[in-house]
Amino acid sequence: MERMIVIGGGAAGMLAAIIAARNGKQVTLLEKNEKLGKKLFITGKGRCNLTNACDMEDLFRNIVTNHKFLYSSLYGFDNQTTMDFFEGLGLHLKTERGNRVFPESDHSSDVLRVLEQELRKQKVQVKLRTEVKEISVCDSVIQGVVLSDGSKLNGDKVIVATGGLSYPSTGSTGDGYRFAKTAGHTIQPCSPSLVPMETEETWCKEIMGLTLKNVSVTLNCGKKKIYEGFGEMLFTHFGVSGPLILSASAYTGKYLNESLVLKIDLKPALSESQLDERLQRDFFRYQNRQLQNAMDDLLPKKLIPIVIACSQISPDKKVNIITREERLQLVQTLKGLPLHITGFRDYKEAIITRGGVNVKEINPQTMESKLVKGLYFAGEVLDVDALTGGFNLQIAWSTGYAAGNA
Ligand SMILES: Cc1cc2nc3c(=O)[nH]c(=O)nc-3n(C[C@H](O)[C@H](O)[C@H](O)COP(=O)(O)OP(=O)(O)OC[C@H]3O[C@@H](n4cnc5c(N)ncnc54)[C@H](O)[C@@H]3O)c2cc1C
């Protein structure tokens, strides 16, 4: 019987192991942690947003890097198949806002539980606290793996599903990149993605904790617009975070050493002229107040002094003597409050890793290495990444399936 070794008991590795075992392979799953799926457990704030129930076009639109490479694997094991697979294991699912799919129980532990049950049922040999140190390759054919205690494990096929570099405490410490290099693969430069941003402006710290809903942001590099989106963001002691910011960060790969400016449109539902009319009405109503006391209807209190300062107007100026130019300056600021990005938070706070094993060297149907026979890669170790919403786990399931099935 063919012997298969899967390195990494995360989402991709567990799925690959189950599928290969269902296909009659003798499978050993090696995980360096004391338990499986440490990262899976913390996904979706402990609820595990395991896929997205959108149509395929939308699915591909949410993949930021190398979506074409994923065509075959995502069609081979798509989001509906993923849902059927988990329902088939007895896990009830529900779909929430934005087509995000969760276990009905809201517990990621239930996703993990059904996967572990199936691994047992399919007689996959799971070896915990077992760290792979190297893979062994001879004449471009995989031989097996070398464990950290120096012992060898032979296998006809090896699937590397070691994840990326983000949240290293879950076990994702980039070991797979090393294995890939041993096999002669190139690694596309890695960096944290879906990650909060640090800003030059220190006022973010003064209003940390403030969440803005229904705002739109644009991220620009010089005149080039890198990202535009609508939704929710949050100020922190170092800068900005929240869903909109994480999404914006996914598009910054090519611009990591450039100066980036984030602009927040605080009133995206109003055009500049509509907003100007709105300001005129407010100023008429509060004509005897100082500017700093005349904007409560328009903005969260904490943001008022910041917007006024950015507009370079004296906060104690009475609104009835504010000039048209000043008011238009205020409109400009409200439609594009600028923040200069100085950097990104590190892997400890990044949902995913951008970069990884060069997909040009991988067969997209099977996930097999084009350089070493019998060597496969699945999940985040590959140079693929997507936005939040269940898409990254879908990539892990689909590529795990492709590798396990091959
Ligand atoms: C906080 C957080 C929340 C997230 N929420 C979501 C979400 O709700 N929906 C979504 O789609 N995505 C989410 N993601 C992203 C998603 O978790 C990952 O994309 C996905 O887990 C990648 O799966 P993987 O199997 O490739 O890698 P991992 O899940 O990282 O698994 C890799 C495994 O390999 C093991 N390993 C590594 N090296 C070795 C070695 N040398 N020997 C043996 N074992 C090894 C590790 O210990 C680990 O268990 C989230 C990520 C984070 C950090």
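How each quantity is defined
- Residues numbered from 1 in each chain as written.
- Predicted model: local features only at pLDDT ≥ 70, side-chain atom pairs only at ≥ 80, totals over all residues.
- Helix = DSSP H or I, 4+ residues; strand = E, 2+ residues; numbered from the N terminus.
- Buried ≥ 20, exposed ≤ 12 C-beta atoms within 10 Å, placed from the backbone.
- Contact = placed C-beta atoms within 7 Å.
- Domains from an automatic or database assignment.
- Nonpolar A, V, L, I, M, F, W, Y, C, P; charged D, E, K, R; others polar.
- Core = buried A, V, L, I, M, F, W, Y, C linked by C-beta atoms within 7 Å.
- Near = placed C-beta within 6 Å.
- Expected span 1.5 Å × (residues − 1).
- Pairing = 2+ DSSP bridges.
- Axes fitted to C-alpha atoms, helices over the stretch in contact; angles between N-to-C directions.
- Parallel < 35°, antiparallel > 145°, perpendicular 65-115°, else oblique.
- Left-handed = near helix turned anticlockwise from the far one by under 90°.

Thoughts on the overall build of the protein
Each helix and strand in the protein was counted, giving 13 helices and 21 strands. Along the longest, intermediate and shortest principal axes, the C-alpha atoms of the protein span 85 × 40 × 35 Å. The proportion of buried residues among the 406 residues of the protein is 44%. Expressed as a percentage of contacts within the protein between residues at least 6 apart in sequence, the contacts between residues at least 24 apart total 72%.

What about the domain arrangement of the protein?
How big an interface is tends to be stated in terms of accessible area lost as the parts join. Split into domains, the protein comes out as domain 1 (3–191 + 352–405) and domain 2 (196–345). The straight-line distance from the C-alpha centre of domain 1 to that of domain 2 is 40 Å. Across the contact, six residues belong to domain 1 and seven residues belong to domain 2. In terms of residue class, the side of domain 1 that touches domain 2 is built from two nonpolar, two polar and two charged.

Structural notes on the nonpolar core
Residues Val 6, Ala 16 and Ala 17 are the most contacted members of the largest nonpolar core, which totals 110 residues. Two domains each provide a minimum of three residues to this core, namely domain 1 (3–191 + 352–405) and domain 2 (196–345). Not counting residues within four places of it along the chain, the set of residues in contact with Val 6 comprises Gly 13, Ala 16, Ala 17, Val 27, Leu 29, Leu 30, Ile 159 and Ala 161.

Looking at the site of the ligand
Around the ligand lies a shell of 39 residues, among which Gly 8, Gly 10, Gly 163, Gly 171 and Gly 379 are the nearest. Looking at the shell around the ligand, the elements that each hand over two or more residues are α1 (11–22), α2 (38–46) and α13 (391–405). Looking at side-chain class alone, the shell around the ligand contains 15 nonpolar, 17 polar and seven charged residues.

Overview of helix α6 (residues 108–121)
Taking 1.5 Å per residue as the helical rise, α6 with its 14 residues ought to reach 20 Å, and the 20 Å between its terminal C-alpha atoms agrees with that figure. Three or more residues of α6 are buried, namely Ser 108, Asp 110, Val 111, Leu 112, Leu 115, Glu 118 and Leu 119. Buried residues in α6 make contact with α1, β2 (26–30), α2, β6 (100–103) and β7 (125–127). Lys 123 sits one or two residues past α6 and shows a positive phi near 60°.

Some words on unusual backbone geometry
The phi angle at Asn 66 is positive, at roughly 60°, despite the residue not being glycine. With respect to the helices, strands and loops of the structure, Asn 66 is situated in the loop between β4 (63–65) and α4 (71–76). Take Asn 66: there are 20 C-beta atoms within 10 Å of it, and that puts it in the buried class. The phi torsion at Asn 214 lies on the positive side, around 55°, for a residue other than glycine. The residue Asn 214 is located in strand β14 (residues 211–221) in this model.

Points about the sheet that holds strand β9 (residues 141–147)
On the basis of which strands lie adjacent, the open sheet formed by three strands has the order β8-β9-β10 and antiparallel pairing. Every other strand in the sheet has two partners, leaving β8 (132–138) and β10 (152–154) as the edge strands with one partner each. Direction aside, the axes of adjacent strands within the sheet are offset by 30° on average.

What about the packing of α2 against α6?
With their axes 8 Å apart at the nearest point, α2 and α6 run at an angle of 150° to one another. By the angle class used here, α2 and α6 are roughly antiparallel. Judged by the twist between their axes, the crossing of α2 over α6 is right-handed. For the pair α2 and α6, the contacting residues are Leu 40, Phe 41, Thr 43, Gly 44 and Gly 46 in the first and Ser 108, Ser 109, Val 111 and Leu 112 in the second.

Concerning the environment of Gln 292
Relative to the elements of secondary structure, Gln 292 occurs in the loop between α10 (272–285) and α11 (304–310). On the basis of neighbour counts, which here come to 17 C-beta atoms within 10 Å, the residue Gln 292 falls in the partly exposed class. Note: C-alpha distance between Gln 292 and Pro 305 (13 residues apart in sequence) is 6.6 Å.

Examining the sheet that holds strand β1 (residues 3–7)
With parallel pairing, the five strands of this open sheet are ordered in space as β7-β2-β1-β11-β20. In this open sheet, the two edge strands, each paired with only one partner strand, are β7 and β20 (375–377). Looking at each pair of strands side by side, their axes are set apart by 20° on average, direction ignored. As defined by bridge partners, β2 adjoins β7 across three bridges and the pair is classed as parallel. Residue pairing for β7: Leu 29 is matched across the bridge by Val 126.

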